[in-house]
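Spelled out from the first residue to the last, the chains are:
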Amino acid sequence: MRFTLSLAASLLLVSLPGCGQSAQESAADSLTARAERIADAEEAAVIISSAPEDIALTIYTDDLALVTERRTVTLPAGRSVIRFEGVSEMMVPQSAILREFSGFTLERNFDFDLISPGALFAGAEGEDVTVSRTNPFTGRVEQKQARVISGGNGVVLEIDGEIETLQCAGLPEKTAFDYVPDSLNPQPTLSIEVTAEEAGEQEIVLSYLATSFGWQADYRLDVNPDGQTGKLVGWLTVYNQTEVSVNEANTAIIAGDLQRLWETRAERGSAKPLAARCWPRGSSKTGTPVEQLGYFGEAPQKAYRRNMPMPAMEEPQMEMMMADSVVVTGARQAELEEFGDYKLYRVPEPTSVSAYQEKQVLFLDKPEIDLEKVHTFNVYSPEGAIGQILPATVEYHLDNSRDGKLGLPLPEGTLRVMTRSGAGRLFYLGEDNVRNLAVDLPAEFEIASAADVQMETRLLNREVTERPGRNAERAVTVEHSFLNASPEEVTIELKVGEEFYTPITISDENLMRDLDADTPKWRFTLAPEST
């Protein structure tokens, strides 16, 4: 697949402050003449840039990264084509730009048609190939010249004037090609046609957006036995779900949600598959074994069908989309920087993220923070809870005030809570999602249900008052009974949903109500094994 963008020379005209119309016309004439000289020149020289000398990677949460590569090339004077090899196959081609380049950019082509058996046959239609077949009994190898009649799914060959199909002779066979079509590449390649005034070495900066990169935050909270303090560690889990490894990159991670348009996306190229299409062999009992060569040179796969060919896969294997390995690096902690409306975490040393790999970088390490364990009950309507017995939701509230021991923004991710028993054995308590939290915002996380702490709701009274011309008024009195069957004192928090026409009062005036809460909230403590 090829993406092409041509830039007309006339687009390079700019308005200069203080210049009259005649100066602009003169500049336009000069550019037009330059374009005509380029068009009349000989075929452009091809310059290969095999790999970047330096790379920077800025990763966003929304499956997107900004890749900046610094490369050095030696260009002739006049027109040439620079082939940037090793770029990401998930490049967003329209985002690619050259910086620090003194010449003119004329055309860009992004080629990600990859070499594969299917692509080789498709590109060899009408050409001759060499087919080698081995007799499994004698070991004798016979080679024949074959003309490729069709290179689609189910390759058709002409051998010695007869029509045959690939891999259907019943013998082990292989095919040799005399050349590789120019349209195929061993790796994704960005070609940019340029013109330079003078020959010589130039340092070029290539920047582009690429998808299939991303990150998320992973937190681990170790709660101390006192239940009031703990240790919080945070890792930035960076993933690369592309085929190209990023080596020794200066990496930055952006926290925050940015707006993405549908057009900013990459078309995933894939190697053309190849499947044998033969007259069915086998039996009606066992089915037909059908071999299909994979997308990226993996071992052939077998599937059994009853006299049916295997359909060609439309997407790469799902396991290829998953990270093959996870690498943890914590030599130095990522540093937080303010970056406008976002938060930027800069990895202090170059890091590598291989193809289909995850890597974790430490960004938060607080050996002691203040926290509180709370058992909460959410009742959306007092009347709706009548007759129910509800277990408490266990929440951990972290003190993330500006003057507290934590006092840091928490980017979105997952929080996992652990603790140790008196014997030192580690236990996993639960987990919750973390949304982007600024300092001083409530950091409250639900991790489990508590069977030992429950609430029962009973109806005490219901009064209905008719109002002529208006809806009837209903007053409901309910009783919430709280049971703590655990051997420890617990903190109870009752949250009651309140609509604007439903005022709620609590008969126990000693209960503390949180007036700043979005919904009515009352808090109290409950002694061990009590109601």
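Below: a short report on this structure. (Residues numbered from 1 in each chain as written. Predicted model: local features only at pLDDT ≥ 70, side-chain atom pairs only at ≥ 80, totals over all residues. Heavy atoms only, no water.)

### As for the overall build of the protein chain
Then step 1. Counting secondary structure elements, the protein chain contains three helices and 33 strands.
Then step 2. In the protein chain, which comprises 531 residues, the proportion classed as buried is 37%.
Then step 3. Across the protein chain, contacts joining residues at least 24 apart in sequence account for 70% of those joining residues at least 6 apart.
Then step 4. When the accessible surface of the protein chain is split by element, carbon and sulfur atoms take 49% of a total near 29,800 Å². (Helix = DSSP H or I, 4+ residues; strand = E, 2+ residues; numbered from the N terminus. Buried < 20%, exposed > 50% of the residue type's maximum accessible area, 1.4 Å probe, protein only. Contact = heavy atoms within 4.5 Å. Areas by Shrake-Rupley, 256 points an atom, 1.4 Å probe, with all protein chains shown as cover.)

### Comments concerning the sheet that holds strand E12 (residues 173-176)
Pairing between the strands of a sheet is mediated by backbone hydrogen bonds and can be parallel or antiparallel.
Then step 1. Strand order across the open sheet formed by five strands is E11-E10-E9-E8-E12, with antiparallel pairing between neighbours. The sheet terminates laterally at strand E11 (162-165) and E12, the two strands that pair on one side only. Along the sheet, successive strands turn relative to each other by an average axial angle of 40°, direction set aside.
Then step 2. The pairing of strand E8 (residues 128-134) with E12 spans four bridges and is classified as antiparallel. (Pairing = 2+ DSSP bridges. Axes fitted to C-alpha atoms, helices over the stretch in contact; angles between N-to-C directions.)

### Things to note about the nonpolar core
Then step 1. With 71 residues, the main nonpolar core has Leu206, Tyr219, Leu221 and Leu232 as its most contacted residues.
Then step 2. With seven residues, the single largest contributor to this core is strand E25 (residues 357-379).
Then step 3. Excluding residues within four positions of it along the chain, tyrosine 219 makes contact with Leu232, Val233, Gly234, Phe363, Leu364, Leu410, Pro411, Thr414, Leu415, Arg416 and Val434. (Core = buried A, V, L, I, M, F, W, Y, C linked by side-chain atoms within 4.5 Å.)

### Digging into the pattern of salt bridges
Close approach of charged atoms allows side chains of opposite charge to pair.
Then step 1. Here the structure, examined in full by the defined rule, presents 21 salt bridges.
Then step 2. Between lysine 144 and glutamate 142 there is a salt bridge, and its shortest N-O distance comes to 3.4 Å.
Then step 3. Residue class for lysine 144 comes out partly exposed when judged on its relative accessible area of 26%.
Then step 4. Residue glutamate 142 is classed as partly exposed on the basis of its relative accessible area of 43%.
Then step 5. The salt bridge partner of aspartate 222 is arginine 220, with a shortest N-O separation of 2.8 Å.
Then step 6. Given a relative accessible area of 34%, arginine 220 falls into the partly exposed group.
Then step 7. It is possible to trace a salt-bridge network through shared partners that takes in Glu372, Glu395, Glu493, Lys495 and Arg523. (Salt bridge = Lys/Arg side-chain N within 4 Å of Asp/Glu carboxyl O.)

### Considerations on the pairing of strand E28 (residues 426-434)
Then step 1. Relative to E28, strand E27 (residues 413-420) runs antiparallel, the two sharing eight bridges. The residue of E28 that forms the bridge with threonine 414 is asparagine 433.
Then step 2. Hairpin connection of E27 to E28: five residues between the antiparallel strands, including glycine 424 at a positive phi of 90°.

### What about empty space enclosed by the protein?
Then step 1. In the structure shown here, the tally under the stated rule is three cavities of 30 Å³ or more.
Then step 2. By volume, the largest cavity is sized at about 60 Å³.
Then step 3. Looking at the largest cavity, the residues that line it are Leu120, Gly123, Ala124, Glu127, Asp128, Val129, Phe177, Asp178, Tyr179 and Pro181.
Then step 4. Listing elements by their share of the lining of the largest cavity, those giving two or more residues are helix H2 (117-123) and E8. (1 Å grid on protein atoms, 1.4 Å probe; cavity = no way out; pocket = protein on both sides within 12 Å on 5 of 7 lines; lining within 4 Å. Points joined across faces, edges and corners; volume = space filled by probe spheres on them.)

### Quick word on the packing of aromatic side chains
Then step 1. Going through the model one piece at a time under the given rule, you end up with four aromatic pairs.
Then step 2. Between tyrosine 219 and phenylalanine 363, the aromatic rings sit 5.8 Å apart at their centres with planes inclined by 70°, giving edge-to-face as the arrangement. Here tyrosine 219 is found in strand E15 (residues 213-223), whereas its partner phenylalanine 363 is found in strand E25, with 144 residues between them in sequence. Just as tyrosine 219 is buried, phenylalanine 363 falls in that class too.
Then step 3. By way of ring pairs, the aromatic residues Tyr219, Tyr345 and Phe363 are connected into one cluster. (Phe/Tyr/Trp six-rings, centres within 6.5 Å; stacked < 30°, edge-to-face > 60°.)

### What about unusual backbone geometry?
Backbone phi values are negative for most residues with the exception of glycine, while trans is the configuration of most peptide bonds.
Then step 1. In this model, aspartate 63 sits at a positive phi of 55°, which is unusual for a non-glycine residue.
Then step 2. By the element assignment, aspartate 63 lies in the loop between strand E3 (54-60) and strand E4 (64-75).
Then step 3. Taking the relative accessible area as the measure of exposure, aspartate 63 reaches 29% and is therefore partly exposed.
Then step 4. In the Ramachandran plot, serine 212 falls in the positive-phi region, its phi being about 70° despite a non-glycine side chain.
Then step 5. Within the secondary structure, serine 212 sits in the loop between strand E14 (200-211) and E15.

### Some points on the side chain of glutamate 69
Then step 1. Note that glutamate 69 resides in strand E4.
Then step 2. Within the structure, glutamate 69 has its side chain in polar contact with the side chain of arginine 71 (distance 2.7 Å).
Then step 3. When sequence neighbours within four positions are dropped, the list of residues in contact with glutamate 69 reads Pro52, Asp54, Ile55, Gly86, Val87, Ile204, Val205, Leu206 and Tyr208. (Polar contact = N/O pair within 3.5 Å; in protein donor to acceptor, adjacent residues only side chain to side chain.)

### Regarding the layout of surface pockets
Then step 1. Considered as a void within the structure, the second largest pocket measures approximately 710 Å³ in volume.
Then step 2. Contributing to the lining of the second largest pocket are 28 residues, with Lys373, His375, Tyr396, Glu488 and Val490 lying nearest its centre.
Then step 3. By residue class, the composition of the lining of the second largest pocket is 13 nonpolar, eight polar and seven charged. (Nonpolar A, V, L, I, M, F, W, Y, C, P; charged D, E, K, R; others polar.)

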